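Below, each chain spelled out in residue letters.
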Amino acid sequence: MNRLTIYTLFSLFLFTNCNENAAEKSLFSASKSPNTAQNIILLIGDGMGISQITAGMYASDSILNLERFKSIGLQKTDAANHLVTDSAAGATAFATGKKTNNGVVGMDAQLKSAKNIIEYVKEKGLAAGLVATSQIAHATPAAFFAHHPKRAKMENIAAQLLTTDVDLLIGGGQNHFEARKDNRNISKELAQKGYQVNSFMTKSLDKIEPNYKDNFLYFTAASLPLSVEQGRDYLPLATSFSIDFLKKHNSNGFFLMVESSQIDWGGHNNNSDYIIQEMLDFDKVIGRALDFAEADGNTLVIVTSDHETGGYSINYGSSRKKFKTGFTTDYHTAQMVPVFAYGPNEESFMGIYDNTDIFKKMMETFGIEK
Ligand SMILES: [Zn+2]
């Protein structure tokens, strides 16, 4: 064989290999750098401690999706100014890597604005989405787009969506956008900025044909979304919808945060059935995310919680499906909470660490330098 023949054969070989299907291509890029991922899905069970998970597990007829994870760790949830955190400080730790005071979203303990993961991924050209079963301007989602010293100022927080570019938003609290003290209509302003805006009042989520070029905003309630007990069933659907939307909206990759907000509310109400139903709904969400990540091969899925709520326990005399439960408080506790990870860099989530390390590990997985 002369040099030219070898060269021709080699080019042919390269050409054939470049034509492999997308799944193999993504495997190839994943094997190049096993610790980075194209997509991260962060699933937050607000108020979900080990007992909440245990209750869901014993109440369920089938094995939970949570039991599919192999890489499991624990994180310390304390806030800057209190051992017992609230959701604002907890979510700010995940979103910005900064411990802050209870009640503060997206700022550090000195009330200096802290750059969040969505601001970082947007700079890298990726897409970002936020989904919740509370209001969009509620503490947990708010910490991922807003910078405000008072979580209760939800109308001000909603208006900050005009300055942070979140590609997809699904949740309640339409009133914070459209029935405001200042008479502004933030939904209209967002529509003018290129958002396709829809609401439960006119269309259910599964009936919407998204315009993939635009950003997407969908309201699931005027104020608070229903509980599962009252018939809410949108969170698993919204999760699949969001993954599909973000992939078609931007092929570079995405960050998606989905919050099951009401496990926490079951804890505040000291209502074990409320906790269990929300927990089982959240587990369906986890299943959707894991199925996608397994097929995709380039997605990291993280499941964790901002804190435990209720000091919930399953006591002596309980049987599967019938629990004798106890609560030590109607507020949050300082217990460590579990972290489950699947996908590229999952091993780094094993061990015991601070809630702020979740941010650092996500940034590392995206390959973003701070
Ligand atoms: Zn709470």
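Since we're looking at a predicted model, the values are computed, not measured. (Residues numbered from 1 in each chain as written. Predicted model: local features only at pLDDT ≥ 70, side-chain atom pairs only at ≥ 80, totals over all residues. Heavy atoms only, no water.)

## Side note on the coordination of the zinc ion
Piece 1. Looking at the zinc ion, the protein donor atoms are Asp-264 (OD), Asp-264 (OD), His-268 (NE2) and His-332 (NE2), and they sit 2.1 to 2.3 Å from it.
Piece 2. Around the zinc ion, the four donor atoms sit at angles spanning 58 to 153 degrees, and that spread fits a shape best called irregular.
Piece 3. If you list the donors of the zinc ion from N- to C-terminus, the spacing comes out as D-x3-H-x63-H. Separated by four residues within a single helix, Asp-264 and His-268 lie in helix H11 (residues 263-268), roughly one turn from each other.
Piece 4. Take His-268: its relative accessible area is 26%, and that puts it in the partly exposed class. (Donors = N, O, S within 2.8 Å, 3.2 Å for Na, K, Ca; no water. Tetrahedral: all angles 85-135°; square planar, octahedral: opposite > 155°, others 65-115°. Helix = DSSP H or I, 4+ residues; strand = E, 2+ residues; numbered from the N terminus. Buried < 20%, exposed > 50% of the residue type's maximum accessible area, 1.4 Å probe, protein only.)

## A short note on the confidence of the model for the protein
In regions of low pLDDT, the predicted coordinates are not meant to be interpreted in detail.
Piece 1. Mean pLDDT over the protein stands at 93; residues scoring 70 or higher make up 91%.
Piece 2. Here residues 4-32 is a poorly scored stretch, pLDDT under 50, and it has six contacts once near neighbours within four places are set aside; other chains count. (pLDDT = per-residue confidence, 0-100. Contact = heavy atoms within 4.5 Å.)

## Examining the environment of Thr-133
Piece 1. As for its position among the elements, Thr-133 is in strand E3 (residues 127-135).
Piece 2. Along the chain, Thr-133 and Gly-171 lie 38 residues apart, while their C-alpha atoms are 5.9 Å from each other.
Piece 3. Apart from the residues within four sequence positions on either side, Thr-133 is in contact with Pro-225, Arg-232, Tyr-234, Leu-235, Glu-259, Ser-260, Ser-261, Gln-262 and Trp-265.
Piece 4. A polar side-chain atom of Thr-133 sits 2.8 Å from the main-chain amide nitrogen of Ser-261. (Polar contact = N/O pair within 3.5 Å; in protein donor to acceptor, adjacent residues only side chain to side chain.)

## Focus on the sheet that holds strand E4 (residues 168-172)
Piece 1. Here we have ten strands laid out as an open sheet, ordered E5-E6-E4-E3-E7-E1-E8-E13-E2-E14, and mixed in their pairing. The open sheet has two edge strands, strand E5 (195-199) and strand E14 (351-354), and neither has a second partner. Neighbour-to-neighbour, the strand axes of this sheet turn through a mean angle of 15 degrees, independent of strand direction.
Piece 2. Where strand E1 (residues 39-45) and strand E8 (residues 299-304) come together, six bridges link them in parallel fashion. Paired with Ile-44 across the two strands is Thr-304, which belongs to E8. (Pairing = 2+ DSSP bridges. Axes fitted to C-alpha atoms, helices over the stretch in contact; angles between N-to-C directions.)

## Notes on unusual backbone geometry
Peptide bonds are mostly trans, and most non-glycine residues show a negative phi.
Piece 1. Not every positive phi belongs to a glycine, and Asn-270 is a case in point at roughly 50 degrees.
Piece 2. With respect to the secondary-structure elements, Asn-270 resides in the loop between H11 and helix H12 (272-296).
Piece 3. Assessed through its relative accessible area of 33%, Asn-270 is described here as partly exposed.
Piece 4. Of note, the phi angle at Lys-321 is positive, near 75 degrees, even though the residue is not glycine.
Piece 5. Inspection of the secondary structure assignment puts Lys-321 in the loop between strand E10 (313-319) and strand E11 (322-326).

## Re the pairing of E11
Piece 1. Of the strand pairs in this sheet, E10 and E11 are connected by four bridges, and their pairing is antiparallel. Bridge assignment links Ile-314 to a residue of E11, and that residue is Thr-325.
Piece 2. The antiparallel pairing of E10 with E11 creates a hairpin that spans two residues between the two strands, and Lys-321 there sits at a positive phi of about 75 degrees.

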